[in-house]
Amino acid sequence: RLLGLRRRMASGDRPLDWGAAEALAFGTLVADGYPFRMTGQDVCRGTFSHRHAVLYDHRDGRPYCPLDTLAGPSTLVEIANSPLSEAGVLGFEYGYSLDSPEGLVVWEAQFGDFVNAAQVIIDQFIASAEDKWDRLSDLVMLLPHGFEGQGPEHSSARLERFLALAADDNVQIVQPSTPGQLFHLLRRQILRKWKKPLFVMTPKSLLRHKACVSSLEDCANGRFLNVIPDHDMDPARTKKVLLCSGKVYFDLLETRDRLQRDDVAIVRIEEYYPVPLPELEAALADYADETPVVWVQDEPANMGAARFLVFEFGNRIVDRFPFSYVSRPASASPATGSKKSHELEQELLHAEAFGE
């Protein structure tokens, strides 16, 4: 079924979903001769069955990797499931990236919180090695992230930890909201000249969300956008601007449509760090001075990007707009384990975001 859908996407009969855009990014890089290596607990299939980068013959169990058919005789392609020893595996992949600067080296956590057991590698090496030892790495870490009522351990990739480590342009911290954005982000990691580790907050439900799609045109002629403006709202009518990132954007969009609020704009921050201040200023340029700008996040107040952005902007953003945030209350745990509680929290969150 998945391959049939991909065939329709390739012919333009169906928009690209997340898995297809990811496969196109990997495939175009391999076809251009760049080495590619990816490991993680379930990367061959993809934890949420969106990837299927390795297929298995049901008769004899032989593996088949479609990316191999694009690789030249000397182009290395390795995709392998790894054990639940995150510190050891991530440490190995970090070391591999140091000795393979010309290739794309990816580690994916099965759920974003699986990175907890590898935090020592991030603190000691990935985030600080350039400053301490002049060692450059372009390692990519894909961390599934999103509050969807699945409980505390499968909601948060602990975005706040990575933001706390960000300084002196040492890392890139990104939460792309469309398949096209992911396509350009992965290719950018290899094609541009400088090397920095890349942390990507990747989605779960958005992998198959009807609105989270892109076109072949987006991939062929687009580029990665650090900030995505809201072109659907009239700035002259806008009374409030909501800033957000990731899955919560699509939730807010549905709420705005349901409430028929044509006076609220929704602007997406796709790259948290380096802070995209020029792009953000451009996205807000047409709104009237003193229009409230509100950061909206699913995470509790002591998690996510809220405190990081307040530290960056204070109570005013680009010296023109009052700035505040909306979130769940501060909590010791990332998320509730109750589906009903989760839905109630979402309802209250959106009510506050769209309130006067």
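One structure accompanies this document, and this report is about it. (Residues numbered from 1 in each chain as written. Predicted model: local features only at pLDDT ≥ 70, side-chain atom pairs only at ≥ 80, totals over all residues. Heavy atoms only, no water.)

Turning our eyes to something else, we now look at the sheet that holds strand 4 (residues 77–81). Taken in spatial order, the seven strands make up an open sheet running 4-1-5-6-8-7-12, and their pairing is mixed. Two strands close off the open sheet at either side, each with one partner strand: strand 4 and strand 12 (271–273). Averaged over all adjacent pairs, the angle separating strand axes in this sheet is 15°, with direction ignored. Relative to strand 12, strand 7 (residues 172–174) runs antiparallel, the two sharing two bridges. Following the sheet pairing, V174 is matched in strand 12 by E271. Packed on one face of the sheet, helix 2 (residues 18–31) meets strand 1 (36–40), strand 4, strand 5 (104–108) and strand 6 (140–144) and runs near 140° to strand 1. (Pairing = 2+ DSSP bridges. Helix = DSSP H or I, 4+ residues; strand = E, 2+ residues; numbered from the N terminus. Axes fitted to C-alpha atoms, helices over the stretch in contact; angles between N-to-C directions. Contact = heavy atoms within 4.5 Å.)

Now for helix 12 (residues 339–354). Its 16 residues place the ends of helix 12 23 Å apart at the C-alpha level, agreeing with the 22 Å of an ideal helix rising 1.5 Å per residue. Here helix 12 has its buried residues at H342, Q346, L349, H350, A353 and F354. Each buried residue of helix 12 sits inside an arc of 115° when the element is viewed along its axis, so together they form one side. Helix 12 presents K340, E347, L348 and A351 as exposed residues on the side facing more than 90 degrees away from its buried surface. Close packing links the buried residues of helix 12 with strand 10 (240–244), helix 9 (247–259), strand 11 (264–269), strand 13 (293–300) and strand 15 (321–328). (Expected span 1.5 Å × (residues − 1). Buried < 20%, exposed > 50% of the residue type's maximum accessible area, 1.4 Å probe, protein only. Arc of directions from axis to C-beta.)

Looking now at the side chain of T47. Topologically, T47 is positioned in the loop between strand 1 and strand 2 (55–56). Only 3.3 Å separates the side chain of T47 from the backbone oxygen of Q110, close enough to count as a polar contact. Not counting chain neighbours up to four residues away, the residues in contact with T47 comprise D42, Q110 and F111. (Polar contact = N/O pair within 3.5 Å; in protein donor to acceptor, adjacent residues only side chain to side chain.)

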